[in-house]
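# Survey of secondary and tertiary structure
Here is how the chains run, residue by residue.
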Amino acid sequence: MGETWRTVFGHDEPYPDQADGIETAVEVADRGGFAVIEGACGTGKTMLALTAGIDRVRDPDSPFERVAVLTSVKQQLRQFEADVETINQELPEDWRPVSALTLVGKADVCPYSRERVADVDETTVYDRCDGLRERTRNLTGSDGPTTAAALADDARRTQTGLLDTGSGAAAEFLETAGEPTPYPPDTAEYEGVEYCPFYAQYLDDLPEDGDPAEAVPFDVTDRGLLDTDDLVGLAASHGACPHSILGALIPHVEVTIGNYYHAFDPQTVGSFTGALLDDSTFVVCDEAHMLEPRVRDLVSDGVGDATLRDAESELTRVIQPVAMDDDSRDADLIRGELAESDVSLAEVKATRAFVRDLREELDRRVRAHLDRERPGWRASLDGLEDDEIPLRDPDRPEPDAITEWADGRYGDDVWVRAEAVGAVVARVLNELEEADRERATPTVGRVLGAWYRADHTRYFRTIDLSRTWNEAEPGDSWRRAYNARLALHNCVPGDAIADRLDDFGGGVLMSATLEPLDVFRTVTGLNTLADDGRPVVERTYGLGFPAENRASFAVDAPAYTYENRGEVGADTDARRVYVDAVAEVAGRDGNVLVGMPNYAEAEWMAGRLDERLDSPVLLDESSDDGATEALKTDFFSGGSKTLVTSLRGTLTEGVDYRGDRLHAAVVCGVPLVDTTRPRTQAVVTAYDRAFGADGEHGGGRSGFETALTAPAVRKARQAVGRVIRGPDERGVRVLVDARYARDRWNGVRGYFPAWEREEFRPVSPDMLSLGLDRFETTDG
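The following paragraphs examine the structure supplied in this document. (Residues numbered from 1 in each chain as written. Predicted model: local features only at pLDDT ≥ 70, side-chain atom pairs only at ≥ 80, totals over all residues. Heavy atoms only, no water.)

### What to know about the overall build of the chain
- Check the secondary structure of the chain and you find 31 helices and 23 strands.
- For a compact globule of 780 residues, the expected C-alpha radius of gyration is about 28 Å, and the chain comes in at 29 Å, within 12% of that figure.
- Classification of the 780 residues of the chain by burial places 54% in the buried group.
- Of the contacts made within the chain by residues no fewer than 6 positions apart, 76% connect residues no fewer than 24 positions apart.
- Approximately 33100 Å² of the chain is accessible, and the part contributed by carbon and sulfur atoms is 44%.
- Distance from the positive charge centre (84 side chains) to the negative charge centre (149 side chains) of the chain: 5 Å. (Helix = DSSP H or I, 4+ residues; strand = E, 2+ residues; numbered from the N terminus. Rg over C-alpha atoms; globule rule 2.2 N^0.38 Å. Buried < 20%, exposed > 50% of the residue type's maximum accessible area, 1.4 Å probe, protein only. Contact = heavy atoms within 4.5 Å. Areas by Shrake-Rupley, 256 points an atom, 1.4 Å probe, with all protein chains shown as cover. Lys, Arg positive; Asp, Glu negative; His and termini not counted. Charge placed at Lys NZ, Arg CZ, Asp CG, Glu CD.)

Right, dumping it as structure tokens:
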């Protein structure tokens, strides 16, 4: 194989593993396949993937035209941006820079949202945008009263004083991203109809039968990485919609950087990023250990009690004017819309009856559940916690209770036609009302249709109760304390992942923690792709930094299970062993990160350490981004500190602890999710049936292993991987639990790659101190 990729590579020389990874990715992509790469910190995975992808895009004999980067961690998104800029800085002088952009949401690019004007902000931007765009299209469509050019010009003339308004006031222009726009700091109106002048200008620039990229008012070929502010400034100063321009550019830049939503969320793909799903796209799935859980959420669905209520009201709004048999404008409009559609008034009425009865059944089931599980709940609404009500036995795939209830009262037609009814009702209401808001009926219709079609083996249906507080509800109603949601959970997202990956021409899936690779290939559908002729090639690269700079211990403590440790706060022998081990590490110089199985255990450990240590102990609690950022700042601010968190939180992966920010990481226990939850049990059962020894895909591992154990071990490995981030860093990595130390029936050493198993030496709790002392005496 040639090494043309070295021209693209952004540094003088690649690491040996990095070079092997690039060549593997290039070779596999040329065969239409995927490279699956586990590379420890220091492998240079970001540069590896970009180099391979850009090399294929720049090769005139290659079918690839673009690279699509997908990552679940914002910090990694920034790293890809930085590496694109590094590549551009090092390209030969006669090469044009690699064009790239980062995909962001409407709130980040809409001029009105950015400046918080025209009743638009991050909470209203989607509804307002949809309404403004629809009215702009209606004004300029084939039956509209004017043209897009006229709308944009009217908005401009209003500001420049060309209209004889008689006002002597100076024109005021909306400014955003440091650039003035040609419009006022509000939306525009035409004959009393509000519209968006930015979108009108985009429509005017859009060719009738050409590429939407022809509407882009600037050239991207020589700009390299186009950041969000540059995009907004260039588009808005021209008067065009930045979000529309962003969408038009997607298939034409060489590198797009986004998150999993941009490829796996059906609604996002349908409305915005569909052009990426092409066999001329080289895909990079970064942090791929998160691919399975993230996609599971994206391809699951559900509808809330409040949405059902709103849908019933919307259906009534369409039914009443016609049912009254009057000659009003509303009635005539509704009759006309229904006549032009394939939806009858009888179907609208049947759907309303179904939605009304469904909401009553939801209410009955929530009350019955609370009466059974929490007697006296009406007197203590503020004490209720999040909950879920299974609608079937999680261990027995069979029709759920809601489906059986509906089958006894309604035929298949209501389920099947609900989506079509919802679409027509939304269209009618958008004609009747000018308010910008999302309609509930299409959502209800979509979920009802999916509920009817989805099988009962791979899907699990529940009523999810989320804690809230609504003073408007009666004092004895569960609706005061809960949002209730009919949830359709996709337990086995591998088929959805495989189907989506199959849309791409090839690429790289990579992370520092993918092992065991046979499990990863199974649950992400890669084995299915391989069976269909798409090559899948694995590579595992160990930690390339000097081994003498790190000490790694697997402490043979009693397994941190409920049977051994007891309730949170219990004074058990097992808990004392764990506190002693963590205090041994945290009592030395340097910052220490302590990962516990959940936040309740983290709070308990922080309290015990606070009693034992002279240095500050910080506790991470489940909180918003602002609180987490403040906590990190405190942790990094100087002086030795101990930070205790949940291994299922945000501080144990994707956070940069480079330099002297972190001296040691301690993981206590194997962070399995709550195995008593019905949803978890349903996933295990579905994985047994799909991937067990006798399952559809015959992976040979149990559902518990593939669904729970492997992801839990990856969480632990992510946490200890925070310590050593560069060749000159020194640090300590400690896993406390016999399951990390012993090869036994419930051990997890086999879930580590071979190189890491060799590094994490088993030690007894009383020998940990000696091991730490020996490492410290070599520091220098």
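Structure's up, so let's keep going.
### Digging into the packing of helix H14 (residues 305-323) against helix H15 (residues 329-340)
- Where H14 meets H15, the axes come as close as 8 Å, and the angle between the chain directions of the two elements is 110°. With respect to their mutual orientation, H14 and H15 come out roughly perpendicular. Seen from H14, the contacting residues are Arg317, Val318, Pro321 and Val322; seen from H15, they are Asp330, Ala331, Ile334 and Arg335.
- Taken together, the residues of the contact of H14 with H15 sort by class into five nonpolar, no polar and three charged. (Axes fitted to C-alpha atoms, helices over the stretch in contact; angles between N-to-C directions. Parallel < 35°, antiparallel > 145°, perpendicular 65-115°, else oblique. Nonpolar A, V, L, I, M, F, W, Y, C, P; charged D, E, K, R; others polar.)

### Some points on the environment of proline 390
- Mapping proline 390 onto the fold places it in strand E12 (residues 387-390).
- Considering only alpha carbons, one finds proline 390 and aspartate 464, 74 residues apart in sequence, at a separation of 8.6 Å.
- Residues within four places of proline 390 in sequence aside, it is in contact with Phe460, Arg461, Thr462 and Pro678.

### What to know about the sheet that holds strand E21 (residues 664-668)
- The sheet built from seven strands is open, its strands ordered E19-E20-E18-E21-E22-E17-E23 with parallel pairing. Of all the strands in the sheet, just strand E19 (617-619) and strand E23 (761-763) have a single pairing partner and so form its edges. Within the sheet, the average angular offset between the axes of one strand and its neighbour, ignoring direction, is 20°.
- As paired elements, strand E18 (residues 592-596) and strand E20 (residues 642-646) share five bridges and run parallel to each other. (Pairing = 2+ DSSP bridges.)

### So, the environment of arginine 576
- Mapped onto the secondary structure, arginine 576 falls in helix H24 (residues 573-586).
- Owing to a relative accessible area of 37%, arginine 576 belongs among the partly exposed residues under this scheme.
- Between the C-alpha atom of arginine 576 and that of arginine 565, which follows or precedes it by 11 residues, the distance is 9.1 Å.
- A polar atom in the side chain of arginine 576 sits 2.4 Å from the side chain of aspartate 571. (Polar contact = N/O pair within 3.5 Å; in protein donor to acceptor, adjacent residues only side chain to side chain.)

### Some thoughts on the side chain of glutamate 361
- Looking at the element boundaries, glutamate 361 is found in helix H16 (residues 345-373).
- Dropping the residues within four chain positions of it, glutamate 361 is found in contact with Ile402 and Trp405.

### Details of the sheet that holds strand E11 (residues 301-304)
- Within the open sheet, the four strands sit side by side as E11-E14-E13-E12. Their pairing is antiparallel. Of all strands in the sheet, those with a lone pairing partner are E11 and E12, marking the two edges. If you compare each strand with its neighbour and ignore which way they point, the axes differ by 25° on average.
- For strand E13 (residues 459-467) and strand E14 (residues 482-490), the ladder comprises nine bridges, and the chain directions are antiparallel. Residue pairing for E14: tyrosine 459 is matched across the bridge by asparagine 490.
- Helix H27 (residues 678-691) rests against E12, E13 and E14 of the sheet, and its axis sits at about 160° to E13.

### Describing the pairing of strand E9 (residues 255-258)
- Side-chain alternation along E9 places Val255 and Ile257 on one buried face and Thr256 and Gly258 on a second face that is also buried.
- Looking at chain direction, strand E2 (residues 66-70) and E9 are connected through four bridges and run parallel. The residue bridging valine 69 from the neighbouring strand is isoleucine 257, located in E9.
- Where strand E3 (residues 100-102) meets E9, three bridges bridge the pair, whose relative direction is parallel. Across the sheet, alanine 100 pairs through a bridge with valine 255, a residue of E9.

### Side note on unusual backbone geometry
- Residues glutamate 515 and proline 516 are joined by a peptide bond in cis, for which omega reads -5°.
- Looking at the secondary structure, you find proline 516 in the loop between strand E15 (506-511) and helix H21 (517-523).
- A positive phi angle is found at arginine 116, which is not glycine, with a value near 55°.
- Position of arginine 116 relative to the elements: it lies in the loop between helix H5 (111-115) and helix H6 (125-140).

Scope: geometric values only; no functional claims are made or implied.
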